[in-house]
Amino acid sequence: MCQYSAREGSAVDWHLAHLSSLAASGADMLFFEATAVTPEGRITPGSLGLWNDENEAAVARVIEVIRGRQGVGSGIALTMQLSHAGLKGSSAEPWKGGGLITPKQGGWLPLAPSAVPSHEHEAPPVELDAAGMRRIREAFAAAAQHAARLGIDALEVHGAHGYLLHQFLSPLANRRTDEYGGSLENCMRFPLEVFAAVCAAFPAERPVGLRVSATDWVGGGWDTDQTVVFADKLKALGCDWIDVSSGGMSPLQKITLGAGYQVPFAERVKRDTGMTMMAVGLITEAAQAEEIISSGRADMVELARAFIYNQHWA
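Residues numbered from 1 in each chain as written. Predicted model: local features only at pLDDT ≥ 70, side-chain atom pairs only at ≥ 80, totals over all residues. Heavy atoms only, no water.

Moving on to the overall build of the chain. Along the backbone of the chain there are 9 helices and 9 strands. Relative to its length of 314 residues, the chain is compact, with a C-alpha radius of gyration of 18 Å against a globular reference of 20 Å. When its C-alpha atoms are laid out on the principal axes, the chain stretches across 55 × 45 × 40 Å. Each of the 314 residues in the chain was classed as buried or not, and the buried ones make up 53%. Counting only contacts in the chain whose residues sit at least 6 apart along the sequence, the fraction spanning at least 24 positions is 69%. For the chain, the accessible surface area stands at approximately 13400 Å², while carbon and sulfur atoms represent 52% of it. Taken as two groups, the 25 positive and 35 negative side-chain charges of the chain have centres that lie 3 Å from each other. (Helix = DSSP H or I, 4+ residues; strand = E, 2+ residues; numbered from the N terminus. Rg over C-alpha atoms; globule rule 2.2 N^0.38 Å. Buried < 20%, exposed > 50% of the residue type's maximum accessible area, 1.4 Å probe, protein only. Contact = heavy atoms within 4.5 Å. Areas by Shrake-Rupley, 256 points an atom, 1.4 Å probe, with all protein chains shown as cover. Lys, Arg positive; Asp, Glu negative; His and termini not counted. Charge placed at Lys NZ, Arg CZ, Asp CG, Glu CD.)

We now examine the pattern of salt bridges. Summed over the entire model, instances satisfying the criterion amount to 15 salt bridges. A salt bridge links R137 to E193, with the nearest nitrogen and oxygen atoms 2.9 Å apart. Here the residue R137 occupies a position in helix α3 (residues 130-150), and E193 occupies one in helix α5 (residues 184-201), the gap between them amounting to 56 residues. Under the relative-accessibility criterion, E193 is labelled partly exposed at 26%. Notably, a salt bridge pairs E185 with K233, separated by 3.1 Å at the nearest N-O pair. Of this pair, E185 sits in helix α5 while K233 is found in helix α6 (residues 224-236), placing the two residues 48 residues apart along the sequence. With relative accessibility at 43%, the residue E185 sits in the partly exposed group. Taken together, the shared-partner salt bridges in this structure form one network comprising D225, R268, R271 and D272. (Salt bridge = Lys/Arg side-chain N within 4 Å of Asp/Glu carboxyl O.)

Within the open sheet, the 7 strands sit side by side as β1-β2-β5-β6-β7-β8-β9. Their pairing is parallel. In the strand order of this sheet, the two ends are held by β1 (29-36) and β9 (300-301), each with one partner. Lying over the sheet, α3 contacts β2 (77-83) and β5 (154-159), oriented at roughly 160 degrees with respect to β2. Across the face of the sheet, α5 comes into contact with β5 and β6 (208-213) while running at roughly 155 degrees to β6. (Pairing = 2+ DSSP bridges. Axes fitted to C-alpha atoms, helices over the stretch in contact; angles between N-to-C directions.)

Here we come to the pairing of β1. Where burial is concerned, most of β1 is hidden: 7 out of the 8 residues are buried. Relative to β2, β1 runs parallel, the two being bridged by 6 bridges. Residue T35 lies in a different strand from β2, and its bridge partner there is L82.

Enumeration according to the criterion identifies 6 aromatic pairs in this entry. On the numbers, 4.6 Å between centres and 40 degrees between planes, the contact of F168 with F190 is tilted. Taken together, the residues span a long stretch of sequence, with F168 in helix α4 (residues 164-169) and F190 in helix α5 at a distance of 22 residues. Neither F168 nor F190 differs from the other in exposure class; each is buried. One aromatic cluster is present, built from ring pairs that chain together F168, Y180 and F190. Note that R206 overlies the ring of F202, its terminal NZ or CZ placed 5.4 Å from the centroid. (Phe/Tyr/Trp six-rings, centres within 6.5 Å; stacked < 30°, edge-to-face > 60°. Lys NZ or Arg CZ within 6 Å of the ring centre and 35° of its normal.)

Just geometry here; none of it tells us what the structure is for.
Next up, the structure:
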């Protein structure tokens, strides 16, 4: 989960304490928080990044401590989640309200598939042109190369929660009329190009997955049927897993919360595609997690808050 504690994208002592503690939790895999591939791809000024050698060196220090530890956690698989916030970029930290920070306030101009603001009262983002999209594809690939040098075991491309790749997928944010908008095939094009670029830049023997929001929880938005089609396209590109979450695209979303409320999405995508699935969403009890796996509803379960509340949950 995002810590919003980095400096110019670089991990600090907090990340060292936070991640090394989670590494000793007994889990099999540890995800780094959403890690921006460019400065303007950060959610907030405090978001973690991996776009230059300084960012890489700061993460290397964290990994060195985790790998140098003896006993529980020394062999945990480290996975980095590569992300671009798109129109959700240049936001204040949650404890500062989370609203858009303008360039005059020290922020930057967010980038998006279309000039559609995240909230009606905010200024619209800058619509990406072909050159901007190319730079972002290249930035994802460059971040994958940084991660490879760090010895990161796996990557996950973040295509969920209303961030840039999800924005291209969702009709709520993508109003383009070129080859990257309109039809489902067109809306999937840029996220698939980014995923392919990451795979090409990362060692072939290390897995790469993708996180997706299975539904926007808004009528006329991205839905589970489209997610299945998207997953099939990713499967053809060699995607190793789909991490199935939901929501984050619109403040109008109507989410029905409950124990394991997102697991049925993972179950549906797994059934229809045969792909390896990660399930998330209010999974808090050991028996509940075991049932999800033993019943074949998903192949892996992810927990965030449960581990933060109790780092020895496993």
